[in-house]
Amino acid sequence: MKSKKLWSWLALAFGALYFALPLLGTLEFSLRARRGVYSLDAYRSVLADPQFRETFSYSVVMAIFTILVGALIVVPTAYWVRLKLPHWRPVVEFITLLPLVIPPIVIVFGYIRLYNTSSILPLTGTTTGTNLLLMLGYATLSLPYMYRAVDTGLRTIDVGTLTEAAQSLGAGWSTILARVILPNVLVAVLSGAFITFAIVIGEFVLASLLNRPAFGPYMQLTGANKAYEPAALAVIAFSITWICMGLIQLVTRFSKHTNAKR
Amino acid sequence: MQSRKLPLTWVGMVPFTLFALLFLIAPTMYIVVGAFRTSDGGFTLSNLVNLFQPTILASYWISIKISLATALVGCLIGFALAAAVTLGGLPNWLRGPVMTFSGVASNFAGVPLAFAFLATLGRLGLVTVLLKSWFGFNIYTHGFNLLSFFGLTITYLFFQIPLMVLIITPALDGLKREWKEAASILGATGFQYWRIVALPILWPSLLGTLALLFANSFGAVATAYALTGSSMSIVPIMLYAQIRGDVLQDPHLGYALAFGMIVITGLANLAYVWLRVRSERWMR
Amino acid sequence: MASLEIEHLEKSFGANRVVKDFNLSIEEGEFISLLGPSGCGKTTVLRMVAGFESPSGGAIRIGGQDVTHLGANQRNIGMVFQAYALFPNLTVAQNVGFGLRVAKRPRAEIKARVTEMLELIGLPDLGNRYPFQLSGGQQQRVALARALAIQPRVLLLDEPLSALDAKIRVSLREEIRDIQRRLGITTIFVTHDQEEALSISDRVVVMNGGVAEQIGAPFEIYNQPKTRFVAQFVGTLNALEAEVADPARGALRVGNTEVILSEPVTAGQGTPVTLAARPEVLALGRREGNDTVFTGRIVETHFLGSILRVRMEVEGQLIALDTFNRPGNPPPKVGTEAEVSVASRDLLVLAD
Ligand SMILES: Nc1ncnc2c1ncn2[C@@H]1O[C@H](COP(=O)(O)OP(=O)(O)OP(=O)(O)O)[C@@H](O)[C@H]1O
Ligand SMILES: [Mg+2]
């Protein structure tokens, strides 16, 4: 009994050390920009860089669109599968898990070949087209997370009864989805949304290979050319991830209080 | 049958199907088919045969080694951490923070992760410097290099371990206290309980996580690229360079390279499915 | 020598004293029930005997050996859990053989013993099934077989029947008792169902708030409850507010009716006391040997098949009485006047 507890503490301490050191190291390194003293110079230089602002806002906008499009595809589908096509579920689940198995670099390679200027759907030919392609690629990458979150959310509500109740009051499909189902799975959608946000903000491969000025490639470029700024960027990226996860926690906790015991 | 009775039910699946086809299935199939085609469209196996050249084989091999190592070690350490938090008799309040942190760290991959490890274990990194100034121990003169198999493994573990913790904790929670008690009152030691009862029950989850962790690190480009540039020739980086047009010059070899990646992650997952079916006879 | 002795057992969770000075001595082959309301500490006592919780004080001896600080896996005890707790990844046969397997017994011995056990519980053909392919009742039998396979010194059962439906509950409890008798194994059975406890136990321990209020044979517990709690918890009880009229004669007054008890009372004149009687000792109308008679009004009748339960108002207080159904005696009409009689030796005076 006693020794079990000791081992547990040891394991935890080891974990804490392994995970704390890189974070501490990064923080410390990001403050070293000025010789001999700790300073915020690296951050100042990052924030003053117009490219930082451009790429960052580009990625934020991308993330927002990705979330919207992802939710628009996933919520009705998950709802429909639960309501009408339960025997499709294994298939749909399998497809949504594929992005975890097929490496993103392979997927984007396919995009580049399939949607190049000489194809039927020359998305990469225009900036808007490429942006669209990138956004849909992000939606693909976040599909496993979004679908799982929404599906779990749907499990806690009785989809069939809610739908019938709404139909008996004369609601059409779009009304049911927007006014009945969505509010009920909003929490799930939000937690999927924050993960999507965290993924999109730092994503490198897709943006880089599609040649879009996103935050990920910018960070990579900074890393290749500067000394202390990369560490500052890592701290910023890490904080963003933290904030996203914190928001997920907050939202789920909030929802537990409001609709406990369904 | 269903669709004849309710001819419109399938309409609800159109957006998703279209999306999955256009942006997931078709691109992948395009690559797969391309791997078997010559540049003028005929069928060939020579692209695949071309994979069997020493540099490419070596890069597959090192990719597989890194992925296996990070998946196995990540599983082991992640399992130990999850077990410590769920079953190890640690205070209950620890759980929430550990889970939240795992959520963060498992998503903290890519370029910034590389920066973090450079700032820590790079030549000027915090740990490197501290070890040198406190103990006079220079890890770089003792064979350590962040831009190596070992360095990359250590770095990847930063997202592999938390992913394992996230996935395996619910499975550990599913172990009923009564099973442990029933085993021990029947005379089993803790070790026997784990060997005969707990591990077999966890086996499917463990295998699934292993396959997932493997694929996760096998396809990762950003961390390695930001860490090593193109100096570390693992498959995804080779493919990345190929797509950017830096090397190889033969797009069909690129298809073959990508196809090889799909085959390997696919095999890992097939192995998982097969083992899982075998080990789950006792489940509904 | 007693088979299992529990002396001054104590358990606290933090500041919460859950088991208080619990003493119990069980003879070889005896079947003991722990009976009490939810949260009274039954499970906690059982888990301390099993070795899952360590006592805050006191001692537990099995066959004279002090096991208080022995690990659960060294006590050689069999235990059956409320939720079966079968290992889901092992077949029925593997479950039953688990104890012998971890004790590294030879394969042939395990096989023989498993067959024997499966026959004992009446499921000889189900050895190759997995637990999920069994009904609840079958699972619990397998759990029993698994516990018995190691030939334990003591068998512990923690509400083994409460997850089953009513019919199986009755048949399985008879079966458990039957098997227990055949093997002659010392058994502690935890339940909060008094009928269960009374029907199959050699002795019953009635617990309340971590204390053993009374230990005795079912007949004794039911008919001579030592405390008000025991009287009220076990069986249905009519309680009538009364007042001591004449201590020496054993006379009490309930409203306007005088009741003469078979013994003098100790309390002084005018002291309020509670007079208690089981529904089945009360009779509708006068009957030979019933020396106390009340008059009252019929409030309700419930026809329960073999039994007719009548609620009456007597001296401004409600009582219930049970009579056996007889085809020639239809239930009395609600609202009519009636007499109730009882033998004074069947009355209990409850101290508070
Ligand atoms: N591990 C524990 N930590 C703190 N308190 C506990 C613990 N286990 C039990 N208790 C408390 O001890 C008291 C007795 O619990 P116990 O489980 O023994 O009751 P019980 O008689 O078995 O009830 P039931 O009929 O509901 O099973 C309860 O008040 C319970 O809350
Ligand atoms: Mg209990």
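Residues numbered from 1 in each chain as written. Chains lettered and ligands numbered in written order. Predicted model: local features only at pLDDT ≥ 70, side-chain atom pairs only at ≥ 80, totals over all residues. Heavy atoms only, no water.

## Let's talk about the arrangement of the chains
Line of reasoning, step 1. By contact count, the leading pair among the 2 pairs of chains in contact is chains A and B.
Line of reasoning, step 2. Between chain A and chain C there is no contact, and the shortest C-alpha to C-alpha distance separating them is 10 Å. (Contact = heavy atoms within 4.5 Å.)

## Quick notes on a positive patch on the surface
Line of reasoning, step 1. A cluster of basic side chains, namely R195 of chain B together with R101, K104 and R107 of chain C, defines a positive patch on the protein surface.
Line of reasoning, step 2. Looking at the secondary structure, you find R107 of chain C in helix α3 (residues 107-120).
Line of reasoning, step 3. On the accessibility criterion, R107 of chain C (76% relative accessible area) is exposed. (Patch = residues over 30% accessible without salt bridge, like charges linked within 9 Å, V, L, I, M, F, W, Y side chains within 5 Å. Areas by Shrake-Rupley, 256 points an atom, 1.4 Å probe, with all protein chains shown as cover. Salt bridge = Lys/Arg side-chain N within 4 Å of Asp/Glu carboxyl O. Lys, Arg positive; Asp, Glu negative; His and termini not counted. Charge placed at Lys NZ, Arg CZ, Asp CG, Glu CD. Helix = DSSP H or I, 4+ residues; strand = E, 2+ residues; numbered from the N terminus. Buried < 20%, exposed > 50% of the residue type's maximum accessible area, 1.4 Å probe, protein only.)

## Observations concerning a nonpolar patch on the surface
Line of reasoning, step 1. Taken together, the side chains of L8, W10, V11, V14, L18 and L22 of chain B make up a nonpolar region of the molecular surface, amounting to roughly 540 Å² of accessible area.
Line of reasoning, step 2. Secondary-structure assignment places L8 of chain B in the loop between α1 (2-5) and α2 (14-35).

## Re the confidence of the model for chain B
Line of reasoning, step 1. Overall, the prediction assigns chain B a mean pLDDT of 86, with 94% of residues at 70 or greater.
Line of reasoning, step 2. When mean pLDDT is compared element by element in chain B, helix α9 (residues 177-185) of chain B scores highest at 93, while α1 of chain B scores lowest at 47. (pLDDT = per-residue confidence, 0-100.)

## Here's the deal with the UniProt feature "transmembrane region" (unreviewed entry) in chain B
Residues and elements named next belong to chain B.
Line of reasoning, step 1. The sites that carry the UniProt feature "transmembrane region" (unreviewed entry) are, in the present numbering, residues 12-36, 42-62, 69-90, 110-131, 143-172, 192-215, 222-243 and 255-275.
Line of reasoning, step 2. As a span, residues 222-243 carries 73% helix and 0% strand, and end to end its C-alpha atoms are 14 Å apart.
Line of reasoning, step 3. Across residues 255-275, helical content stands at 100% and strand content at 0%; the span's end C-alpha atoms are separated by 30 Å. (UniProt positions renumbered as here; feature names shortened; annotations may be inferred.)

## Focus on the packing of helix α4 (residues 89-101) of chain A against helix α6 (residues 127-155) of chain A
Residues and elements named next belong to chain A.
Line of reasoning, step 1. Packing of α4 against α6 brings their axes to within 6 Å, and their N-to-C directions diverge by 135 degrees. Compared by their axis directions, α4 and α6 come out oblique. In this structure, the crossing between α4 and α6 has a hand that is left-handed. For the pair formed by α4 and α6, the contact residues are R89, V92, E93, T96, L97, P99 and L100 on the first element and T140, L141, L143, P144, Y145, Y147 and D151 on the second. (Axes fitted to C-alpha atoms, helices over the stretch in contact; angles between N-to-C directions. Parallel < 35°, antiparallel > 145°, perpendicular 65-115°, else oblique. Left-handed = near helix turned anticlockwise from the far one by under 90°.)

## A word on the sheet that holds strand β17 (residues 307-314) of chain C
Residue and element names in this part refer to chain C.
Line of reasoning, step 1. Judged by pairing direction, the sheet is antiparallel, and its 5 strands sit side by side in the order β15-β19-β16-β17-β18 without closing on themselves. Strands with a single pairing partner mark the edges of an open sheet, and in this sheet they are β15 (283-284) and β18 (317-324).
Line of reasoning, step 2. Relative to strand β19 (residues 337-342), β15 runs antiparallel, the two sharing 2 bridges. Note that in β19 the partner of L284 across the bridge is V340. (Pairing = 2+ DSSP bridges.)

## Description of the site of ligand 1
All names here are of chain C.
Line of reasoning, step 1. Around ligand 1, the structure places F13, V18, P37, S38, G39, C40, G41, K42, T43, T44, E159 and H192.
Line of reasoning, step 2. At a separation of 2.5 Å, an oxygen atom of ligand 1 approaches a polar side-chain atom of T43.
Line of reasoning, step 3. Taking T44, its side chain carries an N or O atom lying 2.5 Å from an oxygen atom of ligand 1.
Line of reasoning, step 4. Relative to its free-state accessible area of 640 Å², ligand 1 is covered by the protein chains to the extent of 59%.
Line of reasoning, step 5. Per-element accounting of the shell around ligand 1 gives the leading share, 3 residues, to helix α1 (residues 42-50).
Line of reasoning, step 6. For the shell around ligand 1, the residue count by class is 4 nonpolar, 6 polar and 2 charged. (Near = heavy atom within 4 Å. Polar contact = N/O pair within 3.5 Å; in protein donor to acceptor, adjacent residues only side chain to side chain. Nonpolar A, V, L, I, M, F, W, Y, C, P; charged D, E, K, R; others polar.)

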